[in-house]
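# Notes for the structure review
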Amino acid sequence: MKSSSLFDVKDKVVLVTGGSRGIGLMIAHGFIVNGAKVYISSRSAKVCDKVAEDLTKLGPGQCISIPADLQSLDEVKRLVAEISKREKQVHVLINNAGATWGESIETYPDQAFEKVMNLNLKRVFSLTQAILPLLEAAATEKQPASIINIGSVDGIQTPTQETYAYSASKAALHQMTRVMAGHLGQKFITCNAIAPGPFESKMMAQTLKDFGDIIVGNIPLGRIGQPEDLAATAIYLASRAGAYTTGAIIPVDGGLLVKPKA
């Protein structure tokens, strides 16, 4: 087998939620420049459409915008219906759309907890459930279909900030990934999670501005993550190279989780 074919994602059909910015955009870009057909979804139609247009220009792959607010179950179903009109199968689902909220325990709002848990966990299940027939249509024993859930190192460690719902949702997402992997393997569908450390994104912007030097100082590799770091991990999991990997939670964090404690 040629080594280049191990990581080939050319012509794969990919859905990336939250694909118009941050981690989702990094991953979508990586698949597109490697020849995949990528659908991106986000709440803002204007932003989503513009990002899809810009990414398509990079080629050789293609990017298609289907805006949707995935807090809503109806919107989840509409997103899958729109893709079903265009595609008979989906090779890769990347559940990236998410939200966070940081506030002291004394004032943490109930509605904020519900919003974060709904989008980060419940709607990941809803979307996976709804799009499952398209994943099954793409899956083969030699090359399974792939679900990639975007978790977080904060679902593994105790974060410095008081992000109660976010951390809980990501820890739960990691476990749901394992459960999905155990039950979907018989359908030739793999399910893994990527747990990113610090990357430059809108969600992380203020934290990096306030604590960037401290964060970098705690990373053994001495830098925050770059877009290629995430894209490469997702491409590995979606390609022949990752066809026998399922149920894994893969930290992409520069060694943050394994740094020796003082």
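A brief structural summary. All values reported here derive from a predicted model rather than from experimental measurement.

### Remarks on the pairing of strand E1 (residues 13-17)
- Most of E1 sits out of view: 5 of its 5 residues are buried.
- Burial along E1 is two-sided: the residues Val13, Leu15 and Thr17 and Val14 and Val16 are all buried.
- As paired strands, E1 and strand E2 (residues 37-41) are joined by 5 bridges and run parallel to one another. Within E2, the residue paired with Val13 across the bridge is Lys37.

### Brief notes about the packing of aromatic side chains
- Tallied over the full model, the rule gives 2 aromatic pairs.
- A centroid spacing of 5.9 Å and a plane angle of 70° characterise the contact between Tyr108 and Phe113, whose relative ring orientation is edge-to-face.
- The class for Phe113 is partly exposed, based on a relative accessible area of 32%.
- Their ring planes at 80° and their centres at 5.7 Å tell us that Tyr108 and Tyr164 sit as a pair that is edge-to-face. On the criterion of sequence distance, the pair formed by Tyr108 in the loop between strand E4 (92-95) and helix H5 (110-138) and Tyr164 in helix H6 (residues 164-184) is long-range, its members being 56 residues apart.
- In this structure Tyr164 comes out as partly exposed when scored by relative accessible area, which is 32%.
- An aromatic cluster of at least three residues, connected via ring pairs, comprises Tyr108, Phe113 and Tyr164.

### Concerning the side chain of His91
- You can see His91 is positioned in the loop between helix H4 (73-86) and E4.
- Since its relative accessible area comes to 15%, His91 is described here as buried.
- Only 3.3 Å separates the side chain of His91 from the side chain of Gln89, close enough to count as a polar contact.
- Ignoring anything within four residues of it in the chain, the contact list for His91 reads Asp11, Lys12, Val13, Leu135, Ala138, Ala145 and Ser146.

The rules behind each value
- Residues numbered from 1 in each chain as written.
- Predicted model: local features only at pLDDT ≥ 70, side-chain atom pairs only at ≥ 80, totals over all residues.
- Heavy atoms only, no water.
- Buried < 20%, exposed > 50% of the residue type's maximum accessible area, 1.4 Å probe, protein only.
- Helix = DSSP H or I, 4+ residues; strand = E, 2+ residues; numbered from the N terminus.
- Pairing = 2+ DSSP bridges.
- Phe/Tyr/Trp six-rings, centres within 6.5 Å; stacked < 30°, edge-to-face > 60°.
- Polar contact = N/O pair within 3.5 Å; in protein donor to acceptor, adjacent residues only side chain to side chain.
- Contact = heavy atoms within 4.5 Å.

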